Amino acid sequence: MKSNSVQILTTVLSNVAVLAGLVFLIIELRQNSEVATSQARQQRNVNLYQASLANARDDEFSELLGRVFRDHNFDSVSKGEWEQIALYQRANIMNLGDIRFQWNMGLMDYIPYELELRKAANRRELWQWLGGLRVPHADFWEDVDELKKQPSFRWHPFTLAFREWSKDKDPLARAFY
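As the structure is a computational prediction, the values presented were derived from the model and not from experiment.

Thresholds, definitions, all that
- Residues numbered from 1 in each chain as written.
- Predicted model: local features only at pLDDT ≥ 70, side-chain atom pairs only at ≥ 80, totals over all residues.
- Heavy atoms only, no water.
- Helix = DSSP H or I, 4+ residues; strand = E, 2+ residues; numbered from the N terminus.
- Axes fitted to C-alpha atoms, helices over the stretch in contact; angles between N-to-C directions.
- Parallel < 35°, antiparallel > 145°, perpendicular 65-115°, else oblique.
- Contact = heavy atoms within 4.5 Å.
- Nonpolar A, V, L, I, M, F, W, Y, C, P; charged D, E, K, R; others polar.
- Salt bridge = Lys/Arg side-chain N within 4 Å of Asp/Glu carboxyl O.
- Buried < 20%, exposed > 50% of the residue type's maximum accessible area, 1.4 Å probe, protein only.

1. Side note on unusual backbone geometry
Logical step 1: Although it is not a glycine, His72 adopts a positive phi angle of roughly 60°.
Logical step 2: With respect to the helices and strands, His72 occurs in the loop between α2 (59-70) and α3 (79-104).

2. Notes on the packing of α2 against α3
Logical step 1: Running from N to C, α2 and α3 cross one another at 90°; their axes reach a closest spacing of 11 Å. Between α2 and α3, the interaxial angle falls into the category roughly perpendicular. Of α3, the residues touching α2 (which contributes Phe61, Leu64, Leu65, Arg67, Val68 and Phe69) are Glu81, Trp82, Gln84, Ile85, Tyr88 and Gln89.
Logical step 2: Of the residues belonging to the contact of α2 with α3, the class tally is 8 nonpolar, 2 polar and 2 charged.

3. Concerning the pattern of salt bridges
Logical step 1: Taken as a whole and judged by the stated rule, the model has 12 salt bridges.
Logical step 2: One salt bridge connects Glu63 with Arg67, and the closest N-O pair in it is separated by 2.6 Å. Here Glu63 pairs with Arg67, and both are found in helix α2, just 4 residues apart, close to one helical turn.
Logical step 3: Between Glu146 and Lys149 there is a salt bridge, and its shortest N-O distance comes to 3.2 Å. Taken together, the residues span about one helical turn, with Glu146 and Lys149 both in helix α5 (residues 138-149) at a distance of 3 residues.
Logical step 4: Note on Glu146: relative accessible area 45%, which makes it partly exposed.
Logical step 5: Its relative accessible area of 63% is what places Lys149 among the exposed residues.

What follows is the structure, encoded as structure tokens:
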């Protein structure tokens, strides 16, 4: 009888130990996920900071971006400057591919992802005009289209001004894809 009690006690203790190990593993996995999310967020912020700092240090390029995105003074932009903007936008688009990946992997909160969706919605016509620049993820555009259906979605003044200005302009001839 003592032998059965010892076996039962041993089995119960073994099961409790396995359960405790599983609980510990789940806690550790959650912590690792939080660390990965934090690292991805920090790297995204560092990248944004570095890009903004580089633009701020380049007086001519900062002035060009201001003329286009703030002042909507599209007629003041030379073909060479449009080429600069196309390269700048291409870099932004490549970043959107990474952002889509991070979103799919659960490494990004929805609010920063939504900000990128809004930016893409408002820059899409510019990207097409610049030569067919596009985000290489069809599901990204599905998310953009869903966002545009929301009552809170509003077109940015830049988009409205660019749409009006570009309707009788030939697209920039050079395509990057």
